[in-house]
Amino acid sequence: MLKPLITIIIGARPQFIKHQPLQEALEKSSQIRVLHTGQHYDEKMSKVFFQELGIRTPDVELSVGSSSHGQQTGKMLELIEKDLQQERPCLVIVYGDTNSTLAGALAASKLQIPVAHVEAGLRSFNRAMPEEINRILTDHCSELLFVPSDTGRAHLSQEGIKKGVFFVGDIMFDAVLHFREKAHQESRLQKTLKLETEAYYYATIHRPANTDSRSNLQNIISAFGALDFPVVFPVHPRTAKMLQQYQISFPKNVLPQDPLGYLDNIVLLENAKAVLTDSGGLQKEAFYLKTPCLTIRPETEWPETIDQGWNQLISPERDSIIQALSNLEVPSEQRPVYGKGNSAIQITEIIMNWYRTCNSQQGIA
Ligand code: UD1
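Reference entry: report on the structure contained in this document. (Residues numbered from 1 in each chain as written. Predicted model: local features only at pLDDT ≥ 70, side-chain atom pairs only at ≥ 80, totals over all residues. Heavy atoms only, no water.)

## What to know about unusual backbone geometry
Even without a glycine there, the phi angle at E119 is positive, about 85°. Following the sequence through the fold, E119 ends up in the loop between strand 5 (115-118) and helix 5 (130-140). A positive phi angle, near 55°, is found at Q247, a position not held by glycine. (Helix = DSSP H or I, 4+ residues; strand = E, 2+ residues; numbered from the N terminus.)

## Some words on the packing of aromatic side chains
Two aromatic rings are characterised by how far apart their centres lie and by the angle between their planes. In the structure shown here, the tally under the stated rule is 12 aromatic pairs. A connected cluster of aromatic rings, assembled from ring pairs, spans F173, F287, Y288, W302 and Y338. (Phe/Tyr/Trp six-rings, centres within 6.5 Å; stacked < 30°, edge-to-face > 60°.)

## Details of the site of the ligand
Near the ligand, the surroundings consist of 20 residues, among which H40, Y41, N99, H236 and R238 are the closest. One nitrogen or oxygen atom from the main chain of D42 is found 2.9 Å from an oxygen atom belonging to the ligand. Between the ligand and H236 there is a distance of 2.8 Å, counted from an oxygen atom to a side-chain nitrogen or oxygen. About the coverage of the ligand: the protein hides 90% of its 750 Å² of free accessible area. Within the residue set of the shell around the ligand, elements represented by two or more residues are helix 1 (13-26), helix 3 (69-87) and helix 11 (237-245). Looking at which element gives the most residues to the shell around the ligand, the answer is helix 11, with three residues. Residue composition of the shell around the ligand, by class: four nonpolar, nine polar and seven charged. Three or more residues apiece are contributed to the shell around the ligand by two domains, here domain 1 (5-170 + 339-362) and domain 2 (177-326). (Near = heavy atom within 4 Å. Polar contact = N/O pair within 3.5 Å; in protein donor to acceptor, adjacent residues only side chain to side chain. Areas by Shrake-Rupley, 256 points an atom, 1.4 Å probe, with all protein chains shown as cover. Nonpolar A, V, L, I, M, F, W, Y, C, P; charged D, E, K, R; others polar. Domains from an automatic or database assignment.)

## What to know about the pairing of strand 5
The alternating pattern of strand 5 places V115 and H117 on one face and A116 and V118 on the opposite face, and all of these are buried. Here strand 4 (residues 91-95) pairs with strand 5 via four bridges, running parallel. Bridge pairing links I93 to A116 in strand 5. Each parallel crossover has a hand, and the one from strand 4 via helix 4 (residues 99-110) to strand 5 is right-handed. Examined bridge by bridge, strand 5 and strand 6 (residues 144-147) share three bridges and lie parallel to one another. The residue of strand 6 that forms the bridge with A116 is L144. Where the polypeptide runs from strand 5 across helix 5 and back to strand 6, its parallel neighbour, the crossover connection is right-handed. (Buried < 20%, exposed > 50% of the residue type's maximum accessible area, 1.4 Å probe, protein only. Pairing = 2+ DSSP bridges. Right-handed = clockwise from strand over helix to strand, strands pointing away.)

## Observations regarding the environment of W354
Here W354 lies in helix 16 (residues 343-364). It is 8.9 Å that separates the C-alpha atoms of W354 and L144, two residues lying 210 residues apart in sequence. Residues contacting W354, with those up to four places away along its chain left out, are C90, L91, P114, E143 and L144. A distance of 3.1 Å separates polar atoms of two side chains, one belonging to W354 and the other to E143. (Contact = heavy atoms within 4.5 Å.)

## Regarding the pattern of salt bridges
Summed over all chains, the structure comprises 19 salt bridges. The closest approach of N and O atoms between E270 and R180, which form a salt bridge, is 2.5 Å. You can see E270 sitting in helix 12 (residues 262-271) and its partner R180 sitting in helix 7 (residues 171-186), a full 90 residues away along the chain. Salt-bridge contacts for E299 lead to R297; the nearest nitrogen and oxygen are separated by 3.2 Å. Just as E299 is buried, R297 falls in that class too. By sharing partners, the salt bridges in this structure join D97, E132, R135, R297, E299 and E301 into a single network. (Salt bridge = Lys/Arg side-chain N within 4 Å of Asp/Glu carboxyl O.)

## Some thoughts on the packing of helix 4 against helix 5
Put simply, helix 4 and helix 5 touch, their axes get as near as 9 Å, and they point 25° apart. Judged by the angle between their axes, helix 4 and helix 5 are roughly parallel. Between helix 4 and helix 5 the crossing geometry is left-handed. Residues N99, T101, L102 and A105 of helix 4 lie in contact with helix 5, whose contacting residues are N134, L137 and T138. Within the contact of helix 4 with helix 5, the residues separate by chemical class into three nonpolar, four polar and no charged. (Axes fitted to C-alpha atoms, helices over the stretch in contact; angles between N-to-C directions. Parallel < 35°, antiparallel > 145°, perpendicular 65-115°, else oblique. Left-handed = near helix turned anticlockwise from the far one by under 90°.)

Here is the structure:
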């Protein structure tokens, strides 16, 4: 049997992390072609992940860059379609919920190329988030849906998607397990910043609901300024732009950083007293590394982290943030709701079985 040709679409920071374990597992049995849309393009938002995680250079770089959502998704759609028409892979894999995810899924499904969605079934039930629209549409044009949690399966079932759904756990857990030791060996940032373990907070903010509202962003930064420990704050480019536009300056105890690589991120996250974030990925990484998390959002796609007491939703108000941190309780245990950290191997086995079944059906026809 010939090795299947599979195209994988990546484009934004969390996708590089999800991609590493799957590429490693999948390339033993398939021919992989990787398309990087260029949604994230900076050295610090993109290149550093390829270097640190040892991901090979993508086969195609579409360099679409930033623009409005429609324009960015549209440019990707056009360029991905061209590539898929030429190469005709038997499957397209997309990760998560970004504009790159949706563009990849749409381009493939319009050419009747089956789509596999890694991190399927997640819902925030907030349609004002572009990611929520991206998730729903991607799930509805996917043939293989890899859910990270039982909740994901239940959401898909409620929307009538029951076939092709597989619980495989969270692929970001694979990455944490794989790189944690290396991170502790190689990352120097905590030392450089002279931070004692559990005597600082780690914070990231990039969602438009927080960054594109002057009062929300001001409240969040001012809450950071009122905390009892230093706050390490890697600043996403969107957040940097808005902080400058609103002329918000950093309080003394806030240590702004350029966006960090994966290894520094893991160490700073694991050793922090708590994390404050609006990122989806960080909520789970905090959970795996047993760091309590405050999520500055009205909802989360990872409700299991809340149910178990490791995560709390909090409004972007100064007093709520300060109070939540002063009442922080750290749970003593954790149930492994997101699998065992072997998602990539499971996904590979399911894809190879699917491929064999398709091939034998075509043979019979
Ligand atoms: C995207 C995803 C979000 C994910 C996040 C991870 C969508 C709709 N959103 O949001 O789900 O959590 O990535 O970071 O796909 N910029 C740079 N350099 C870069 C990349 C972006 O300066 O390398 C700037 C752009 O000019 C833009 C802003 O950052 O103004 C936002 O980038 P964009 O790709 O639109 O979305 P993210 O907020 O990063």
